[in-house]
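Chain by chain, the residues:
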2 protein chains.
Amino acid sequence: MFKEHLRKIVENVEGAKAALLMEFDGIQVDSYAQGDVDIITLGTEFSQLMTHVKRTASILEVGDLEEMMVKTEDLILVFRVVNSDYFLTTALSSDGNFGKARFVLRLTVPRIMEEF
Amino acid sequence: MFKEHLRKIVENVEGAKAALLMEFDGIQVDSYAQGDVDIITLGTEFSQLMTHVKRTASILEVGDLEEMMVKTEDLILVFRVVNSDYFLTTALSSDGNFGKARFVLRLTVPRIMEEF
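To keep things clear, this report deals only with the structure shown in the data block. Small disclaimer: the values here were computed from a predicted structure and weren't measured.

Scoring rules and cut-offs
- Residues numbered from 1 in each chain as written.
- Chains lettered and ligands numbered in written order.
- Predicted model: local features only at pLDDT ≥ 70, side-chain atom pairs only at ≥ 80, totals over all residues.
- Heavy atoms only, no water.
- 1 Å grid on protein atoms, 1.4 Å probe; cavity = no way out; pocket = protein on both sides within 12 Å on 5 of 7 lines; lining within 4 Å.
- Points joined across faces, edges and corners; volume = space filled by probe spheres on them.
- Helix = DSSP H or I, 4+ residues; strand = E, 2+ residues; numbered from the N terminus.
- Nonpolar A, V, L, I, M, F, W, Y, C, P; charged D, E, K, R; others polar.
- Core = buried A, V, L, I, M, F, W, Y, C linked by side-chain atoms within 4.5 Å.
- Buried < 20%, exposed > 50% of the residue type's maximum accessible area, 1.4 Å probe, protein only.
- Contact = heavy atoms within 4.5 Å.

As a further point, take the layout of surface pockets. Over the atoms rolls a probe the size of a water molecule, and in doing so it shows where empty space is left. Looking at the largest pocket, its volume works out to about 200 Å³. Every residue lining the largest pocket is listed: Lys54, Ala57, Ser58, Gly63, Asp64, Leu65, Glu66, Arg80, Val81, Asn83 and Ser84 of chain B. Residue assignment for the lining of the largest pocket shows that the elements contributing at least two residues are helix 2 (39–60), strand 3 (65–72) and strand 4 (75–81) of chain B. Of the residues forming the lining of the largest pocket, the biggest block, three residues, is contributed by helix 2 of chain B. Grouping the amino acids of the lining of the largest pocket by side-chain chemistry returns three nonpolar, four polar and four charged. By volume, the second largest pocket amounts to about 170 Å³. Along the walls of the second largest pocket sit Lys17, Asp36, Val37, Asp38, Thr41, Leu42, Asp74 and Leu75 of chain A together with Leu60, Glu61 and Val62 of chain B, which together make up its complete lining. Its residues placed into classes, the lining of the second largest pocket shows five nonpolar, one polar and five charged.

The structure is reproduced here in structure tokens:
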């Protein structure tokens, strides 16, 4: 159901290793991974962060959170809010196509919404 | 000293409203703002987040944090780590040139380092 959408994210973005649909409280809905990325652990840790950012954006009155990106030496994580309860995320290698990841996540959100 | 670098970020990036050099513990070093963006408050709130992300990246062993982006309905915030103590951030309108912001921040880091 969701796995097909997640697989397409990973296959369409150069350098993508995994994709995940998760609740803001850290519960995984579905995931797809290629290779050795532990997307569940990444998603769980960063879901707390997404919740923190969502709250901060609300306090600062800068509109709803839409997107987040974190880049480390080894990894790029791109997050896209689906609705108030869920977010999509994909993990890329640090030289992965970040612009394409943003684009593909944005396109995937309405397709995910159709399944709700 | 730093203000000149911060001013150049704001002037060179389409849609940029403010730039800030801050310690990870939330203490402002210097800032430059055009218009009504309260970059100090944004920086202070998000510095906690940067510290949180830095710690999470370390726990997950995905290399040092380099960059972060948060996009809300009204605002794009781009963060670039300078060293283990400081980060640069710029606030853009939500239709601002995010790619240019990343590029200019990356170029500015070595210039900031020269002043240390």
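Residues Leu42, Phe46 and Val70 of chain A together with Leu42 and Phe46 of chain B are the most contacted members of the largest nonpolar core, which totals 46 residues. Not counting the four nearest positions on each side in its chain, Leu42 of chain A is found in contact with Val37, Leu75, Leu77 and Ala91 of chain A together with Leu60 and Val62 of chain B. Membership of the second largest hydrophobic core comes to 42 residues, among which are Val10 and Val109 of chain A together with Val82 and Phe98 of chain B.

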